[in-house]
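# Observations on the three-dimensional arrangement
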Amino acid sequence: MSVEVGKQAPDFKLKNQDGKEVSLSDYKGQNIVLYFYPKDMTPGCTTQACDFRDNYSEFKKINTVVLGVSPDPIESHVKFIDKYDLTFPLLADEDHEVAKLYGVWQLKKTFGNEYYGIVRSTFIIDEEGIIQKEYRNIRVKNHVEKTFDYIKEELIK
């Protein structure tokens, strides 16, 4: 199964930083920014998480939640949240099942080495659970602003 813009976002259950199971369907009635990132505490991922943190109150004003997903364990998410005072849930996808479901667990190449990992991607899901926009293999710079502007311009009636 692959995800597609205009189709229902696949539901899933993952544990958040508190060890509580979270489902996508828990947020029905709100817009969702579901973003997949490679690793806690790395430069690009930290910048992205802090950009979401710094704009989180604006997302809340437009009925939008932000959910970050990476393969890191809960303990790593707790440290990441504490160190950078992150204000939104981080979900642990240690077995990569959700990343595979969304097509973001892919073969990557760095300095000639091939390995599987997360391709930094963001999905915007509307209040009914329909994927409205996907950004794949994104650059961190200005990404949060683009995401916010899309939701504000396209999903807020």
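Every value quoted in this text rests on a predicted model; they were computed, and no experiment measured them.

## Concerning helix α1 (residues 43–61)
For α1, spanning 19 residues, the distance from its first C-alpha to its last is 28 Å, which sits close to the expected 27 Å at 1.5 Å a residue. The sharpest bend along α1 comes to roughly 55°, located at Asn-55. Of the residues making up α1, those classed as buried are Cys-45, Thr-46, Gln-48, Ala-49, Cys-50, Phe-52, Tyr-56 and Phe-59. Those residues of α1 that are buried are in contact with β3 (31–36), β4 (64–70), α2 (74–84), β8 (121–125) and α4 (143–155). In the segment just after α1, Asn-63 is the residue with positive phi, at about 55°.

## Some remarks on the environment of Lys-15
Mapped onto the fold, Lys-15 is located in strand β1 (residues 13–15). Taking the C-alpha atoms as reference, Lys-15 lies 20 Å from Tyr-84; in sequence the two are 69 residues apart. Once residues within four sequence positions are removed from consideration, Lys-15 is found in contact with Lys-20, Glu-21, Ile-74, Leu-90, Leu-91 and Ala-92.

## So, the pattern of salt bridges
Taken as a whole, this structure holds five salt bridges when the rule is applied. In this structure, Asp-72 and Lys-39 form a salt bridge, with 3.4 Å as the shortest nitrogen-oxygen distance. On the criterion of sequence distance, the pair formed by Asp-72 in the loop between β4 and α2 and Lys-39 in the loop between β3 and α1 is long-range, its members being 33 residues apart. Note on Lys-39: relative accessible area 44%, which makes it partly exposed.

## Digging into α4
In this model α4 runs 17 Å from its N-terminal to its C-terminal C-alpha over 13 residues, within 8% of the 18 Å that 1.5 Å per residue would give. Within the sequence span of α4, burial applies to His-143, Val-144, Thr-147, Phe-148, Tyr-150, Ile-151 and Leu-155. Taken down its axis, α4 places every buried residue within 160° of arc, on the same side. The secondary structure elements touched by the buried residues of α4 are β3, α1, β4, β8 and β9 (131–136).

## Considerations on the pairing of β3
In terms of burial, β3 is a largely internal element, six of the six residues being buried. Both faces of β3 are covered, namely the face carrying Asn-31, Val-33 and Tyr-35 and the face carrying Ile-32, Leu-34 and Phe-36. Pairing of β3 with β4 involves six bridges; the strand directions are parallel. Bridge assignment links Val-33 to a residue of β4, and that residue is Val-66. In the classification by handedness, the crossover that spans β3, the intervening α1 and the parallel β4 is right-handed. Pairing of β3 with β8, which is carried by five bridges, proceeds in the antiparallel orientation.

About the criteria used
- Residues numbered from 1 in each chain as written.
- Predicted model: local features only at pLDDT ≥ 70, side-chain atom pairs only at ≥ 80, totals over all residues.
- Heavy atoms only, no water.
- Helix = DSSP H or I, 4+ residues; strand = E, 2+ residues; numbered from the N terminus.
- Expected span 1.5 Å × (residues − 1).
- Bend = angle between axes of the 7 residues up to and from the residue.
- Buried < 20%, exposed > 50% of the residue type's maximum accessible area, 1.4 Å probe, protein only.
- Contact = heavy atoms within 4.5 Å.
- Salt bridge = Lys/Arg side-chain N within 4 Å of Asp/Glu carboxyl O.
- Arc of directions from axis to C-beta.
- Pairing = 2+ DSSP bridges.
- Right-handed = clockwise from strand over helix to strand, strands pointing away.

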